[in-house]
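# Structural description and commentary
Listed here are the chains, written in short residue letters.
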Amino acid sequence: MHTVSGGEVAGILVAVFWAILVSFLAVALVRLAQTLRATTKLVADVTDQAVPLLADASSAVRSAQTQIDRVDAIASDVQEVTSNASALSSTVASTFGGPLVKVAAFGYGVRRAIAGRKDDVPVREPRRTVIVGRTVPAARRSKRKKG
């Protein structure tokens, strides 16, 4: 029979240890390879889905820019119409406003003159108003009564 020396036992233990270590490393490498394959597939799927989404987003942004340009054009047209309406309004007011005010004032004066000439209405004497310590002139009194 052959006796096993201490060095041989140590060599066998080291060989078994290396075999177990290589087995664990092989399992870890297989799992790492599976993870890398899954990651590669996921990235490919995301790329396949992201490219159409980015194209749609780009199209939506272009469409929004077109609409904004249209709204800007409409706003500038509205501003121009508003300024034209304002100019027209001031032109009409200056052209017809002055004469209309004069005609209205003339008509009011004529009505007052006719109303004041009626014989059956007695002419009222102006009243003197006394305020503590002073008398208000007649011109001011008549203005206060009307207001």
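Where an unreviewed UniProt entry is consulted, the protein appears under the name DUF948 domain-containing protein, with the organism given as Streptomyces cinnabarinus.

This part takes up the UniProt feature "transmembrane region" (unreviewed entry) in the protein. Mapped onto the present numbering, the UniProt feature "transmembrane region" (unreviewed entry) falls at residues 12–32. Along residues 12–32 the backbone is 100% helical and 0% strand, and the end-to-end C-alpha distance reaches 30 Å.

To continue, consider a nonpolar patch on the surface. Among the surface-exposed residues, Val14, Phe17, Trp18, Leu21, Val22 and Leu25 lie close enough to one another that they form a single nonpolar patch of about 580 Å² accessible area. With respect to the secondary-structure elements, Leu21 resides in helix H1 (residues 6–116). With a relative accessible area of 30%, Leu21 lands in the partly exposed category.

On to the packing of aromatic side chains. Per the counting criterion, the structure on display carries 1 aromatic pair. A centroid spacing of 6.3 Å and a plane angle of 70° characterise the contact between Phe17 and Trp18, whose relative ring orientation is edge-to-face. The exposure class assigned to Phe17 is exposed, which follows from its relative accessible area of 51%.

What follows covers the pattern of salt bridges. Side-chain pairs of opposite charge can arise where the charged atoms are in close proximity. Tallying each qualifying case throughout the model produces 1 salt bridge. Across the pair Lys41 and Asp45 runs a salt bridge whose closest N-O atoms are separated by 3.6 Å. Note that Lys41 and Asp45 are positioned in helix H1 at a spacing of 4 residues, about one turn of the helix.

Calculation rules
Residues numbered from 1 in each chain as written. Predicted model: local features only at pLDDT ≥ 70, side-chain atom pairs only at ≥ 80, totals over all residues. Heavy atoms only, no water. UniProt positions renumbered as here; feature names shortened; annotations may be inferred. Helix = DSSP H or I, 4+ residues; strand = E, 2+ residues; numbered from the N terminus. Patch = residues over 30% accessible without salt bridge, like charges linked within 9 Å, V, L, I, M, F, W, Y side chains within 5 Å. Areas by Shrake-Rupley, 256 points an atom, 1.4 Å probe, with all protein chains shown as cover. Salt bridge = Lys/Arg side-chain N within 4 Å of Asp/Glu carboxyl O. Buried < 20%, exposed > 50% of the residue type's maximum accessible area, 1.4 Å probe, protein only. Phe/Tyr/Trp six-rings, centres within 6.5 Å; stacked < 30°, edge-to-face > 60°.

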